[in-house]
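Close look at the chain arrangement
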Amino acid sequence: APAAPDAAKQEAAKDAKEVTAAVQAWAAAWAAKDMKAYLAAYGKDFDPPGRMTRAAWEKEREARIVGKSKITVSDLNVSVNGNKATARFRQAYSADSLNVSSRKTLDLVESNGRWLIVREATGG
């Protein structure tokens, strides 16, 4: 018998929950300045913005995160399509006198049961 649409719905809902948890864990790692957990949220296929190498990008992230910064995520909206997902949210970032609120989009791919970030974009 074909799978009931309910099963597919439940699967999608479970995936959406997992993606939401992955994004929240990513933000929590940033907030805790836990670089290891933060960088572990990114897949090997992650494409750093611009023409940065992964190593240069990691250094730049570390400089930004380990400094005095706070991040909060709100309006999180997740859509899942098979083993790919997109998370859109508003990110409020504050460091010293800087306060930036921006829209952010993360593209995630499921790999061995973990959702990993493969692309991120700001704005939109």
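It should be noted that the structure appears before, not after, this text.
Before going into details, it helps to say that this report is about the structure given with it. (Residues numbered from 1 in each chain as written. Predicted model: local features only at pLDDT ≥ 70, side-chain atom pairs only at ≥ 80, totals over all residues. Heavy atoms only, no water.)

**Thoughts on unusual backbone geometry**
Operational definition: Put simply, DSSP marks the helices as runs of H or I at least four residues long and the strands as runs of E at least two long, and each gets a number from the N terminus on.
Even without a glycine there, the phi angle at aspartate 75 is positive, about 50 degrees. Take aspartate 75: it is sitting in strand β1 (residues 70-81). Unlike most non-glycine residues, asparagine 112 shows phi in positive territory, near 50 degrees. Within the secondary structure layout, asparagine 112 lies in the loop between β3 (98-111) and β4 (114-122).

**Let's talk about helix α3 (residues 54-66)**
This is how the line gets drawn: How far a helix is expected to stretch is found by multiplying one less than its residue total by 1.5 Å. Accessible area is worked out with a 1.4 Å probe on protein chains only. A residue is then buried under 20% of its type maximum, exposed over 50%, and partly exposed in between. The directions considered for the arc are those from the helix axis to the C-beta atoms.
Here α3 is 13 residues long and its end C-alpha atoms lie 18 Å apart, about the 18 Å a rise of 1.5 Å per residue gives. Within α3, burial applies to Trp57, Arg61 and Ile65. Relative to the axis of α3, the buried residues are bounded by an arc of 60 degrees and lie together on one face. Opposite the buried face of α3, by more than 90 degrees, sit the exposed residues Ala55, Lys59 and Ala63.

**Let's talk about the side chain of lysine 104**
For clarity, the threshold we go by: Between two residues, a contact is recorded if the distance between any of their heavy atoms is within 4.5 Å.
With respect to the element layout, lysine 104 can be found in strand β3. What makes lysine 104 buried here is its relative accessible area of 7%. When neighbours within four sequence positions are excluded, lysine 104 is seen to be in contact with Trp26, Ala87, Arg88, Phe89, Gln91, Glu120, Ala121 and Thr122.

**Regarding the sheet that holds strand β2 (residues 84-95)**
Two orientations exist for strands paired in a sheet by backbone hydrogen bonds: parallel and antiparallel. Applied cut-off: Note: two strands are recorded as paired if DSSP finds a minimum of 2 bridges between them. To get an axis, fit a line to the C-alpha atoms, keeping to the stretch in contact for a helix; angles then go from 0 to 180 degrees between the N-to-C directions.
Spatially, the 4 strands line up as an open sheet ordered β1-β2-β3-β4, and their pairing is antiparallel. Every interior strand has two partners, whereas the edge strands, β1 and β4, have only one. Taken pair by pair, the neighbouring strands of this sheet meet at an average axis angle of 25 degrees, ignoring direction. Two elements, β2 and β3, share 12 bridges in a ladder whose sense is antiparallel. Across the sheet, serine 94 pairs through a bridge with asparagine 99, a residue of β3. Contacts from helix α1 (residues 5-31) reach β1, β2, β3 and β4 within the one sheet, and its direction differs from that of β1 by about 160 degrees.

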